[in-house]
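# Commentary on secondary and tertiary structure
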Amino acid sequence: MFEQLFKISARHSSVRKELLAGLTTFMAMSYVLFVNPSLLAQAGMDHGAVFVATCLAAALGCVLMGLLANLPIALAPGMGLNAFFTYVIVLEQGYSWQTALAAVFFSGCLFLLLSIFKIREWIINSIPLPLKLGIAAGIGMFLALIALKTANIIVASPATLVTLGDLHSPQVLLAIAGFFLIFALAHRGWHSAVLVSILLVTLAAWWLGDTEFSGIVAMPPSLAPTFMQLDFTAALTLSIIPVVLTLLFLDLFDTSGTLVAVTQKAGLLQADGKVPDLSRALVADSSASMVGALLGTSTTTSYVESTSGVAAGGRTGLTAIVTGLLFLLALWFSPLAAMVPGYATAGALLYVATLMLTSLQHVEWDDMLQAVPVAVVLIMMPLTFSIADGIGMGFISYAVLCLLTGKVERTTLSVWLLALIFMAKFIFA
């Protein structure tokens, strides 16, 4: 049965390898079970319900990817996308989390339509590479700021806006130690480095009295506080369009980059650079986002941590399905997730941020038409505390610079459309 469904032998794998790869991928990305509820709870959502929604959305996405596209790629609510949901849509722009969930649902619908009608390739290919690289790195800077703020490594200052926090604080020191521990373990090949760091820092927090131990295994919390709580009426306004488009493009960039990276490492990337069964993979991704919003979580997307499972031998969709089943099993570990303090996840956020900054190595810094827009995104995204504003300023600066330097041929229709949309947002907001 496995052979018929997943063509395991044809991809030079085995059931044993696929099972081990699925477990490896789960261990590498299981930190999302702690980080996602912690982030979305700051938007006013119920922590327990978000934990359940995270498990279910991840499980569904993984199973869909495995069955539809037969790829060893796991899905879960995306890092960066959950930060945009909480800190920008809800806390900065003032939308309710119910409206934000509706925006996630609409972006998933658009993603599905773009995937079905194959418009997605045109959009991605028509956006200049520097902007793609800048957006990925900019989100990394944004996550780094959130991590430092969450751990109180940096704090507000009336004189300088931000300043260094109290480095004598045990909580600050534990957050810093957790960050370095992740890199030390990852350097030694521990696929569960992030998870181990979070658990050890949480154990230290319990010893300090910052959190209470309420068990490890229990019945899953109720999903009712977030299930089908989307506010579609409030989301059907012109002001929400930039939010939906930003969610859409963030998911497009994230998913496209992950699909290429994982399939390349698995030796599945075709000779012309195309991902096998791309349209089915995108349908799985967009469907998971839509259902995830209905359950009560931010955008569900493909995880680059899937490369850890590929490194362990995973080559087929069975790897993804095993990962999905483990996310279902995780439903019974909600007490453990509930006792994790914010500073225990700060190291994980900072680690992910560091990895996202590696995209800057591909920017041609000697070319000012590349360097300036990327620098604008890098600077403005964290300093405005807005992923959307950073992206908008990047598109506007790229279009204006190309126009002023007589290099209009380096722009595309999509660049001008997005630049005009963001200009209208800044003018009329």
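Residues numbered from 1 in each chain as written. Predicted model: local features only at pLDDT ≥ 70, side-chain atom pairs only at ≥ 80, totals over all residues. Heavy atoms only, no water.

As annotated in an unreviewed UniProt entry, the protein chain is Xanthine/uracil/vitamin C permease from Alishewanella aestuarii B11. Its UniProt record gives the protein chain a comment under Sequence similarities (unreviewed entry), which states: "Belongs to the nucleobase:cation symporter-2 (NCS2) (TC 2.A.40) family. Azg-like subfamily." UniProt's Subcellular location (unreviewed entry) comment on the protein chain is quoted here verbatim: "Cell membrane". (UniProt positions renumbered as here; feature names shortened; annotations may be inferred.)

Another point: the packing of helix α4 (residues 47–69) against helix α15 (residues 317–329). Running from amino to carboxyl end, α4 crosses α15 at an angle of 165°, the nearest separation of the two axes being 7 Å. Considered as vectors, α4 and α15 are oriented roughly antiparallel to each other. The two elements α4 and α15 cross, and the hand of that crossing is left-handed. Contacts between α4 and α15 involve Cys 55, Leu 56, Ala 58, Ala 59, Cys 62, Val 63, Gly 66 and Leu 67 on the former and, on the latter, Gly 317, Ala 320, Ile 321, Thr 323, Gly 324, Phe 327 and Leu 328. Along the lines of polarity and charge, the residues of the contact of α4 with α15 split into 11 nonpolar, 4 polar and no charged. (Axes fitted to C-alpha atoms, helices over the stretch in contact; angles between N-to-C directions. Helix = DSSP H or I, 4+ residues; strand = E, 2+ residues; numbered from the N terminus. Parallel < 35°, antiparallel > 145°, perpendicular 65-115°, else oblique. Left-handed = near helix turned anticlockwise from the far one by under 90°. Contact = heavy atoms within 4.5 Å. Nonpolar A, V, L, I, M, F, W, Y, C, P; charged D, E, K, R; others polar.)

Its domain assignment divides the protein chain into domain 1 (1–130 + 219–340) and domain 2 (360–428). Between domain 1 and domain 2, the C-alpha centre-to-centre distance is 27 Å. Listed per partner, the contact involves 16 residues of domain 1 and 19 residues of domain 2. Both faces considered, domain 1 and domain 2 share a buried interface measuring about 1,400 Å² in area, 78% of it formed by carbon and sulfur atoms. At the boundary of domain 1 with domain 2, the tally comes to 0 salt bridges. The tally of links from domain 1 across to domain 2 stands at 0 residue pairs in polar contact (both at pLDDT 80 or more). Going through the elements one at a time, α5 (81–90), α7 (120–126) and α12 (241–265) are the ones with two or more residues in the side of domain 1 that touches domain 2. (Domains from an automatic or database assignment. Buried area = accessible area lost by both parts, 1.4 Å probe. Salt bridge = Lys/Arg side-chain N within 4 Å of Asp/Glu carboxyl O. Polar contact = N/O pair within 3.5 Å; in protein donor to acceptor, adjacent residues only side chain to side chain.)

A separate point is the environment of Val 363. Mapped onto the elements of the fold, Val 363 is located in the loop between α17 (342–356) and α18 (368–383). Along the backbone, Val 363 and Ala 320 are 43 residues apart, and their C-alpha atoms lie at a distance of 32 Å. Dropping the residues within four chain positions of it, Val 363 is found in contact with Leu 133, Gln 370 and Val 374.

Now for the packing of aromatic side chains. Enumeration according to the criterion identifies 8 aromatic pairs in this entry. Taking 5.0 Å as the distance between ring centres and 80° as the angle between the ring planes, the aromatic pair formed by Phe 26 and Phe 327 counts as edge-to-face. A residue pair is termed long-range when its members are at least 10 positions apart, and Phe 26 in helix α2 (residues 15–29) and Phe 327 in helix α15 qualify at 301 residues. The class of Phe 26 is buried, set by a relative accessible area of 12%. (Phe/Tyr/Trp six-rings, centres within 6.5 Å; stacked < 30°, edge-to-face > 60°. Buried < 20%, exposed > 50% of the residue type's maximum accessible area, 1.4 Å probe, protein only.)

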